[in-house]
Amino acid sequence: MRRPADYDAFLSYSYAVDRPLAAAVQRGLHTLARHWYQARALRVFRDQTSLSANPDLWDSIETALRASRHFILMASPEAAASPWVRREVAHWQAEGTRETFHIVLTSGEIVWGDGDFDWERTTALPPGLRGWFAAEPQWVNLGWARADTQLSLLNGRFRDEVATLAAAVHGLPKDVFDGEDVRRHRRSVRLRRAAVSGLALLTVLTTLLGLLAWRQQNTTERQRDQAVARELATRAAELGDRDPRLARLLSLAAWRIAPLPETRAGLLAAAGRPGRAVIESPGATAVAVSPDGRLIAVGGGSVRLWDTATRRPVGEPFAAGDVRTLGFSADGGRLVVGSDEVRVYDVATRTAVGSPAPLPEGLPGVGTLRTVAISPDGATIAVGETFGDLGLWDVETGTRLFAPFETVRPHIPSAAPVAAFSPDGKTLAALNPHDGKLRFWDLATGRPRGAPVAAYPRQTTALAWPSLAYRPDGMRIATAGVDGVVRVWDPATGKPVGAPLTGGGRTRQEKELPSVAFSADGALVAAGNADGTVSLWRGDTLEPVGDPLAGHGGVVGAVAFGPGGLLVSAGADGTVRLWDVDARLRRVSPLPADTGPLYSVAWSPDGATIAAGGHGAAGLGARGAPVSCRIDGWALCLALEGRSVMVGGGTSAHPYTRWSDPGGHDGTLLLWDAATRRRLPNPAEGRSAIANSVVFGLDGRVVFATGVGADLDTRGTVTRWSAAQQVPIGIASVELSGPAWASALSPDGRLLAVGGDDTGTADGPRTDPVVLIDPVDGRRVASFPEAGAVYAVAFSPDGRTLAAATETGAVGLWDVRSRTRTGELAGHSGPAGAVAYAPDGATVATAGADGTIRLWDSETGEQVGVPLRGHGGTVFSVAFSPDGTLLASGGGDNSVRLWEVASRRQVNERFWGHALPVRSVAFSPDGRTLASAGLDRAVRLWDVGHTVDPAAVLCAQAGGSLTEEEWDQHIPDIGHRPVC
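Sequence order as written defines residue numbering, which begins from 1 separately in each chain. Given that the model is predicted, a residue must reach a pLDDT of at least 70 before its local features are reported, and side-chain atom pairs must reach 80 or more before they are shown or counted; all residues, however, enter totals for whole chains, interfaces and linings. Side-chain calculation: all heavy atoms of the structure are included, whereas hydrogens and water are not.

Novice: I'd like a rundown of the environment of A352, residues and numbers included.
Specialist: Secondary structure elements follow DSSP: runs of H or I no shorter than four residues count as helices, runs of E no shorter than two count as strands, and numbering proceeds from the N terminus. Within the fold, A352 resides in strand β14 (residues 351–357). Burial classification: accessible surface area is computed with a 1.4 Å probe over protein chains only, and a residue below 20% of its type maximum counts as buried, one above 50% as exposed, and the rest as partly exposed. Since its relative accessible area comes to 36%, A352 is described here as partly exposed. Residues A352 and V336, spaced 16 residues apart in sequence, show a C-alpha to C-alpha distance of 9.5 Å.

In structure tokens:
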């Protein structure tokens, strides 16, 4: 079913050969017969990247197709062969009509035969059009215009052809359309003349008319600018990482033209995307990054070096041949190249060192493709042959150091064995695709270490070899086979570590080159996939790290890491892509913590200290054993009398009215120095159980930890800690019959609000779930009778209102002075577990078990816009940035997300550091770091500094601005403006 049209036409073409001509056609359709007040006569969708784009991006293309009234095929042999063009044509055939399908011939032949195209002579049309047309269609011939790079409507012949096409889209006969275009032009001329005459005759009204015209012009230009800016932001989002430079610059242009909420959201999203740059390199089959990250070596029909910073070639290509493997020595001075011969080159001079490794003995003149690996010291190479040999060679002399290692030799040429040196240079690992076995050799003795390991099924006819890589510490080795599966092994035992890792879309195809690599710090494993993506896993836990990196339009046959979060990948689409993995993850190593699940995180007012609260040793189980129940909501998991139980309500009420002597350490509290990430001394042992919430005092000297009572009877308590001495200085048991879930300090520091359970007990009544206490002496000041448990509380910035999120889904609003309920925010369909006020107090954010985040006007209590959706489960926590422009959220899907408040749009690709639900998020006072705490016992710090000045970040990432030519191509309706 087609949706209402957003585009008048969809332009389908071969990016490789017809991009300039497609741009000219689009500009012509935009301009021809345009009213003076229109930004465009027609709105035409034109993809800005390779039409063999990643299938993961099909959804956005399909959306554009369904939103278009007409389909324009720029026919050529290249377009006819493009899988992407074929898919677009097939989609229109399935959902569009023949009458709205238009053909523009740019090269090749189109010949109509008897009732159908003559497919023996027609070369410019996709075969899927066979038999689709009942009668000969009309087409526009622009074959003569392909070589003209300066096409415009001033060219009479081009104007005539575009008019033919535009008339069909407008639904008018061409002569009527041409006449209408002329009439509109003449009408504009007459209007201008009449205006001049009128102004001459009505001089008294000159000033007034001038002012009105100026205002009208400003209004018109502002509306035009806003429309153009929104379209640019949309195009930038569609481009994403397929063309990262252009996407960033279009996002910047959209913001400079019209600083709207949606263009700012696009700015933030672009600044956080991982794609760094694209290098056009057709036929690239291998990549390597120098150890210092300054050079990238790309192999295909030859080898070329590229400067990482400028993305410009360094010197001329060298090492001609079918290059399949590359590797830098540990000092970066040498590069080993494997093709039909194996050579080592001096990187500085790009000249060969020593002699090439000879062909296997007895096979003179037989061409083979070889795999190579270079030792850490650059002195030795391991060479695998397509006839099964694997040998070690001295780089300087070109002599074989060892007889071929034990291998299984195929009867015919097949995929070559692949090898990798251990980081210490003492062990060689090799994988022979012919028998699928992984072997390890001691290089000092040349003897095997352990028995061969059956790693993959035998590949008796495969022409593609597997891939393997050591982790930098040498404790793990990863292998990737043509079956698309990555496996990680313990080299010491030869046993697999964890379950096999599967990437995106690789099937058993004999010629696809798998690829795998570890990052320089061993924190990540990357593998290239057949669907054009790159998958990432954690180097220690082997858990997936978010969604695969998408951008390539073909099989990713090589990946390599560099320092500083750089990842390089080479695809069959003829591009080498640079990814900023650190920017994508925005992740710092987790803060050291040796405790149970964590529920809360907070920053001191000066940003110097980070506090977190969660399960203590006593809460983990009797005799220190971990609990066995899973925590997936707000309930607590405790070990009582040797049993693991879920606790959501209390068994007795035991109120205190004053701070009591702490005795033990009630509530687990962890503290870190934010600058050094060093854990501050904190004796967490004692009779503590759980701290569900932590809050700093105004001066940062005191921390309040709110949670469950020390004797694990689930009574709510608050512990007052000295942040400087890391010791508890008082405990108060609030009047709650169940656990205390949340706390908040009033802006003036005079009240501490605590929210908790009101389940009641067998020997006691239900209690008010919201309690106000004096943070100095622990004295109870007041309580509020909400219905059900209260999971989150927040004071308004002026301190007059307290919001309480309840298990009923409503968020109650209380006047702090009068102690009266003034209203509620009702919208969640399940328990509401998070609430936060914006710094200016105008907006309230709530979230809950229904997976939504809702924004509310604090004055009217009305919901602002539609709910924010994205989390795949309960949203446990929300927090505003210090300037109020961003909202962070943590959820049960283990992710942390960022939202631009004004546009209500998600502006990050999800932060995937946590392995279990994220229970709390908090911005640092300067807004540059986001802390999150989760049930995986980790506190993670996310670098969100790019959100403070995203325009400056994008300019630095793009390395320049849009040129005048690029501006005219992409933004023809507005005069050129510098964006950086």
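Continuing now.
Novice: Explain the sheet that holds strand β8 (residues 295–299) to me, and be specific about the residues and the numbers.
Specialist: An order of β7-β8-β9-β10 is seen for the 4 strands of this open sheet, with the pairing classed as antiparallel. Looking at strand neighbours, the two that pair on one side only are β7 (286–289) and β10 (313–318), the edges of this open sheet. Averaged over all pairs of adjacent strands, the angle between strand axes in this sheet comes to 15°, irrespective of strand direction. Sheet analysis places β7 next to β8, joined by 4 bridges and oriented antiparallel. Bridge pairing in β8 places V289 opposite I296. Here, any two strands with at least 2 DSSP bridges between them count as paired. All axes here are fitted lines through C-alpha atoms, helices being fitted over the stretch that makes contact, and every angle between N-to-C directions spans 0 to 180 degrees.

Novice: Any chance you could break down helix α8 (residues 244–257) for me, citing the residues and the numbers?
Specialist: What a helix should span is 1.5 Å times the count of its residues minus one. With 14 residues, α8 ought to run about 20 Å at 1.5 Å a step, and its terminal C-alpha atoms sit 20 Å apart, in line with that. Of all 14 residues in α8, 11 are buried; the element is thus mostly enclosed. Considered for burial, the residues of α8 that qualify are P244, L246, A247, R248, L249, L250, S251, L252, A253, A254 and I257.

Novice: Hey, could you go over the pattern of salt bridges for me, with residue numbers and the actual values?
Specialist: When their charged atoms lie close together, side chains carrying opposite charge are able to pair. Put simply, a salt bridge is a Lys or Arg side-chain nitrogen that is within 4 Å of an Asp or Glu carboxyl oxygen. With the rule as written, the count across this model stands at 24 salt bridges. In this structure, D225 and R977 form a salt bridge, with 3.6 Å as the shortest nitrogen-oxygen distance. Here D225, found in helix α7 (residues 206–239), pairs with R977, found in the segment after α12 (964–970); they are 752 residues apart in sequence, far enough to count as distant. The partly exposed category is assigned to R977, whose relative accessible area is 27%. In this structure, D473 engages R471 in a salt bridge whose closest nitrogen and oxygen atoms are separated by 2.9 Å. Judged by its relative accessible area of 45%, D473 falls in the partly exposed class. Judged by its relative accessible area of 13%, R471 is buried. Connected through shared salt-bridge partners, R40, R43, E231 and D973 make up one network.

Novice: Help me get a handle on the packing of aromatic side chains, residues and values and all.
Specialist: Here is the rule: rings of Phe, Tyr and Trp (six-membered ring for Trp) pair when centre to centre is within 6.5 Å. Planes less than 30 degrees apart are stacked, more than 60 are edge-to-face, and the remainder are tilted. Tallying each qualifying case throughout the model produces 15 aromatic pairs. Between F10 and F45 the ring centres are 5.0 Å apart and the planes differ by 15°, which places this aromatic pair in the stacked class. Of the two residues, F10 is situated in strand β1 (residues 7–12) and F45 in strand β2 (residues 44–46); the sequence distance between them amounts to 35 residues. A residue is classified by how much of its surface remains accessible, and F10, at 1% relative accessible area, is buried. In this structure F45 comes out as buried when scored by relative accessible area, which is 5%. In this structure an aromatic cluster arises from ring pairing among Y7, F10, F45, F71, W92, F101, W112, F117, W119, W132, F133 and W139. Working rule: Lys NZ or Arg CZ, within 6 Å of ring centre, within 35 degrees of ring normal, means a charge sits over the ring. Across the ring face of F876, the terminal group of R919 is positioned such that the distance to the ring centre comes to 4.6 Å.

Novice: Go over the nonpolar core with me, naming the residues and quoting the values.
Specialist: In this structure, L232, L252, I257, L962, W967 and I971 are the most contacted members of the largest nonpolar core, which totals 28 residues. Mapped by element, the contributors of at least two residues to this core are α7, α8, α9 (261–272) and α11 (950–958). If one sorts the elements of this core by residue count, α8 sits on top with 8 residues. Here, two residues are considered to be in contact whenever any of their heavy atoms come within 4.5 Å of each other. Discounting residues that sit within four places of it in the chain, I257 has contacts with D225, V228, A229, L232, W967, I971, I974 and R977. For the purposes of this section, nonpolar cores are sets of buried Ala, Val, Leu, Ile, Met, Phe, Trp, Tyr and Cys residues that join through side-chain atoms within 4.5 Å. Counting residues in each nonpolar core, the second largest holds 27 residues, with Y7, F10, I110 and L125 among its members.

Novice: Kindly report on the state of the cysteines, identifying the contributing residues and their values.
Specialist: When two cysteine sulfur atoms are found within 2.5 Å, that pair is recorded as a disulfide. Applying the stated criterion to the full structure yields 1 disulfide. Bridging C955 to C980, the disulfide has an S-S length of 2.1 Å. Taking the sign of the torsion about the S-S bond as the criterion, the disulfide between C955 and C980, at about -95°, is left-handed. With C955 in helix α11 and C980 in the segment after α12, the pair connects residues that are 25 residues apart, well separated along the chain. Judged by relative accessible area, which is 44%, C980 ranks as partly exposed.

Novice: Account for the environment of A168, with residues named and values stated.
Specialist: Mapped onto the elements of the fold, A168 is located in helix α5 (residues 156–170). Residues A168 and H102 lie 66 residues apart in sequence; the distance between their C-alpha atoms is 8.3 Å. If sequence neighbours within four positions are ignored, A168 has contacts with H70 and H102.

Novice: Describe in detail the sheet that holds strand β62 (residues 929–934), supporting the description with residues and values.
Specialist: Reading across from one edge, β61-β62-β63 is the order of the 3 strands in this open sheet, with antiparallel pairing throughout. Only two strands of the sheet have a single partner each, and these edge strands are β61 (918–923) and β63 (939–943). The average angle at which neighbouring strand axes cross in this sheet is 20°, direction not considered. In terms of strand pairing, β62 meets β63 through 5 bridges, oriented antiparallel. For L930, the partnering residue across the bridge sits in β63 and is W942.

Novice: Would you mind going over the pairing of β1 in detail, with residue names and values included?
Specialist: Judged by how many residues are buried, β1 sits mostly within the fold: 6 of 6 residues are covered. As judged from the 5 bridges shared by β1 and strand β3 (residues 68–75), these two strands associate in the parallel manner. Opposite F10, over in β3, you have F71 as the bridge partner. Examined bridge by bridge, β1 and β2 share 3 bridges and lie parallel to one another. What sits directly across from A9, in β2, is V44.

Novice: Could you give an account of the pairing of strand β42 (residues 702–708), with specific residues and numbers?
Specialist: Side-chain direction in a regular strand flips from residue to residue, so the side chains alternate between the two faces of the sheet. Counting buried positions over the 7 residues of β42 gives 7, a clear majority of the element. Sheet topology places strand β41 (residues 691–696) next to β42; 5 bridges connect them, and they run antiparallel. Bridge assignment links S693 to a residue of β42, and that residue is T706. The antiparallel hairpin formed by β41 and β42 contains 5 residues in its connecting segment, where G700 sits at a positive phi of about 75°. Sheet topology note: the β42/strand β43 (residues 716–722) ladder contains 7 bridges and is antiparallel. Bridge pairing in β43 links V702 to S722.

Novice: If you had to explain the packing of α9 against α11 to someone new, which residues and values would you point to?
Specialist: Running from amino to carboxyl end, α9 crosses α11 at an angle of 45°, the nearest separation of the two axes being 9 Å. In terms of orientation, α9 and α11 fall into the oblique class. The way α9 lies across α11 gives a crossing that is left-handed. For the pair α9 and α11, the contacting residues are R264, L267, L268, A270 and A271 in the first and P950, A951, V953, L954 and Q957 in the second. Asp, Glu, Lys and Arg are counted as charged, while Ala, Val, Leu, Ile, Met, Phe, Trp, Tyr, Cys and Pro are counted as nonpolar; the rest, among them Gly, fall into the polar class. Broken down by class, the residue content of the contact of α9 with α11 amounts to 8 nonpolar, 1 polar and 1 charged. To sort the angles, those under 35 degrees are grouped as roughly parallel, those over 145 as roughly antiparallel, those from 65 to 115 as roughly perpendicular, and the leftovers as oblique. For a crossing to be left-handed, the near helix must be turned anticlockwise from the far one by less than a right angle; the clockwise case is right-handed.

Novice: An account of the side chain of S746 is requested, with residue identities and associated values reported.
Specialist: In this fold, S746 is placed in the loop between β45 (740–745) and β46 (752–756). Residue S746 is classed as buried on the basis of its relative accessible area of 4%. Among the polar contacts made by the side chain of S746, one reaches the side chain of D748 at a distance of 2.7 Å. With residues up to four places along the chain from it excluded, the contact list for S746 reads L698, L751 and F795. Any pair of N or O atoms that falls within 3.5 Å is considered a polar contact. Within protein, one atom must be able to donate a hydrogen and the other to accept it, and sequence-neighbouring residues count only if both atoms are side-chain atoms.

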